[in-house]
Amino acid sequence: MIGSGARRILITGGNAGLGLALAKKLSGRHKILLSGRKSKAEVEGALPRGCGYIVADQSDPEMAALALIGGIRDFGWDGLDNAVLNAGIGLAAGEGIDSTEAIRRTLDVNLAAAMLQAQALYPLLRKNRGTLTLIGSVVHTGSATIPAYAASKAALHGLARSLRSEWKGQVSVQVLHPGPAKTEIHAKAGYDPGWIRALFLEAGDMASMMASAIASRRSPVTLSWARYLSGGAYMGRRL
Ligand SMILES: NC(=O)c1ccc[n+]([C@@H]2O[C@H](COP(=O)([O-])OP(=O)(O)OC[C@H]3O[C@@H](n4cnc5c(N)ncnc54)[C@H](OP(=O)(O)O)[C@@H]3O)[C@@H](O)[C@H]2O)c1
């Protein structure tokens, strides 16, 4: 049941994987608005009850930011407590060399869209003294198999540091770096992790760690097996 402490939370990439798992965790207590590339008809039935949905294709970063702002306004919100910029793609590179198309698409969806969304959402977050959360990855320090993806996540790390200092006292900014989790992102990327997938964290456990990291407002936060084994999915702050 949604009580008086309910927050207004936007999650991009909320129709699948970690974003959807986070929405499922939070939708009983908070008001949730999700976005994704797919149409409303495609995701209907998959989203938690009561969640709103905005179509915003981040391969066109400017249009995606406009769609997000329009969708939030149409939903009747004039402020945001949390924006979780989680939508992302990876594309496996042949022999470590990304194609030009893969570089452009990865940087548009993962980085340019998030930067424009952060700017566009700033007034709404400032109004509620809210928190902007960027979803990075443990590979922000570099990975041979997915260079463009790793570069996009490294840039989000830098962006979070910049905005955290720029918006200090008005909007909290953080970057979370998940380790591997069981979602479809690897298959969509054209990468088969093989037996190693068995070692990936469950999406629901990763979402629990994301929720408590968001509540803490700390940055950067690495969400890996080490954190999980020290109780990260069950202890810590509750959002
Ligand atoms: N899973 C992992 O192992 C892992 C590890 C570290 C970091 N991460 C990060 O966690 C975030 C979520 O990943 P995930 O594993 O949940 O991936 P996922 O299951 O593939 O879900 C990705 C989400 O992003 C959305 N998205 C993709 N392309 C988009 C576009 N062009 N415009 C708008 N939305 C788009 C998808 O929406 P549509 O379905 O509508 O395309 C979907 O909701 C990503 O930023 C990823 O880099 C994941």
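Our subject is the structure that appears above.
Residues numbered from 1 in each chain as written. Predicted model: local features only at pLDDT ≥ 70, side-chain atom pairs only at ≥ 80, totals over all residues. Heavy atoms only, no water.

Provide a residue-level description of helix α5 (residues 147-166), including the pertinent values.
Look at α5: 28 Å from first C-alpha to last across 20 residues, which is about the 28 Å you get at 1.5 Å a residue. Check the buried side of α5 and you find it contacts α4 (100-127), β5 (131-135), β6 (172-178) and α6 (185-189). (Helix = DSSP H or I, 4+ residues; strand = E, 2+ residues; numbered from the N terminus. Expected span 1.5 Å × (residues − 1). Contact = heavy atoms within 4.5 Å.)

Provide a residue-level description of the layout of surface pockets, including the pertinent values.
Of the volumes computed, that of the largest pocket is approximately 1,300 Å³. What lines the largest pocket is a set of 48 residues, among which Gly-88, Ile-89, Gly-90, Thr-183 and Ile-185 lie closest to the centre. With four residues, α6 is the single largest residue contributor to the lining of the largest pocket. A class-by-class count of the residues in the lining of the largest pocket yields 23 nonpolar, 18 polar and seven charged. Approximately 230 Å³ is the volume attributed to the second largest pocket. If you go around the second largest pocket, you meet 14 residues; those closest to its centre are Ala-213, Ser-216, Arg-218, Val-221 and Arg-227. Here the element with the most residues in the lining of the second largest pocket is helix α7 (residues 203-216); it accounts for three residues. (1 Å grid on protein atoms, 1.4 Å probe; cavity = no way out; pocket = protein on both sides within 12 Å on 5 of 7 lines; lining within 4 Å. Points joined across faces, edges and corners; volume = space filled by probe spheres on them. Nonpolar A, V, L, I, M, F, W, Y, C, P; charged D, E, K, R; others polar.)

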